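Geometric and topological summary
Listed here are the chains, written in short residue letters.
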Amino acid sequence: MKVKLEVPVSPEWERAFARAAEDRKAGIAPERVACRTYRIASTRPNHTPHTVVIKSVVRLEVTCDCEGATNGRVCRHMAQAWDAAVARIARGDDAQTAPEPTPALSGAEIERRMAAAFR
Ligand SMILES: [Zn+2]
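So, a few notes on the structure that sits alongside this text. No experiment lies behind these values; they were computed from the predicted model shown. (Residues numbered from 1 in each chain as written. Predicted model: local features only at pLDDT ≥ 70, side-chain atom pairs only at ≥ 80, totals over all residues.)

A word on helix α3 (residues 76-91). Between its terminal C-alpha atoms α3 stretches 23 Å, which fits the 22 Å expected from 16 residues at 1.5 Å a residue. Along α3, the residues that are buried comprise Arg 76, His 77, Met 78, Ala 79, Gln 80, Ala 81, Trp 82, Ala 84 and Ala 85. Where α3 ends, the next residue or the one after it, Gly 92, has phi of about 85 degrees, a positive value. (Helix = DSSP H or I, 4+ residues; strand = E, 2+ residues; numbered from the N terminus. Expected span 1.5 Å × (residues − 1). Buried ≥ 20, exposed ≤ 12 C-beta atoms within 10 Å, placed from the backbone.)

Structure, rendered in structure tokens:
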């Protein structure tokens, strides 16, 4: 584990991490959709993807909108998103410290802005 946790890893979290590892092997990968927010495909057929929000990496504070998590359980989605968030931090591009890059401007947009600035 690459992060020093402030809380013990409960057996429930250990099971969730094990299930998340299985999902990763099966090709399910969390997609980062916003700062600390991940979308993860459901393992059940015809289910909408789940949205997971990382509130604290070191305290394992994670929310998911799936049925299990709504009922207070630690789910595989939370573990998958947590893994993804830790991987981001390890790469040094955690959203908390690095702002989202601004998209490159098109040539036409740059010309428009220049024209507006020197009017
Ligand atoms: Zn979930």
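From this point, the narrative continues.
Attention shifts here to the pairing of strand β3 (residues 50-56). Both strand β2 (residues 37-40) and β3 contribute to a ladder of 4 bridges, which runs antiparallel. Bridging from a neighbouring strand, Thr 37 pairs with Val 53 of β3. Of the strand pairs in this sheet, β3 and strand β4 (residues 61-64) are connected by 4 bridges, and their pairing is antiparallel. Residue pairing for β4: Val 53 is matched across the bridge by Thr 63. With antiparallel pairing between neighbouring strands as the criterion, β3 and β4 make up a hairpin whose turn holds 4 residues, including Leu 60 at a positive phi of roughly 55 degrees. (Pairing = 2+ DSSP bridges.)

Although it is not a glycine, Arg 36 adopts a positive phi angle of roughly 60 degrees. Inspection of the secondary structure assignment puts Arg 36 in the loop between β1 (31-34) and β2. A count of 18 C-beta atoms within 10 Å places Arg 36 in the partly exposed class. One non-glycine residue, Leu 60, lies in positive phi territory at about 55 degrees. Within the fold, Leu 60 resides in the loop between β3 and β4.

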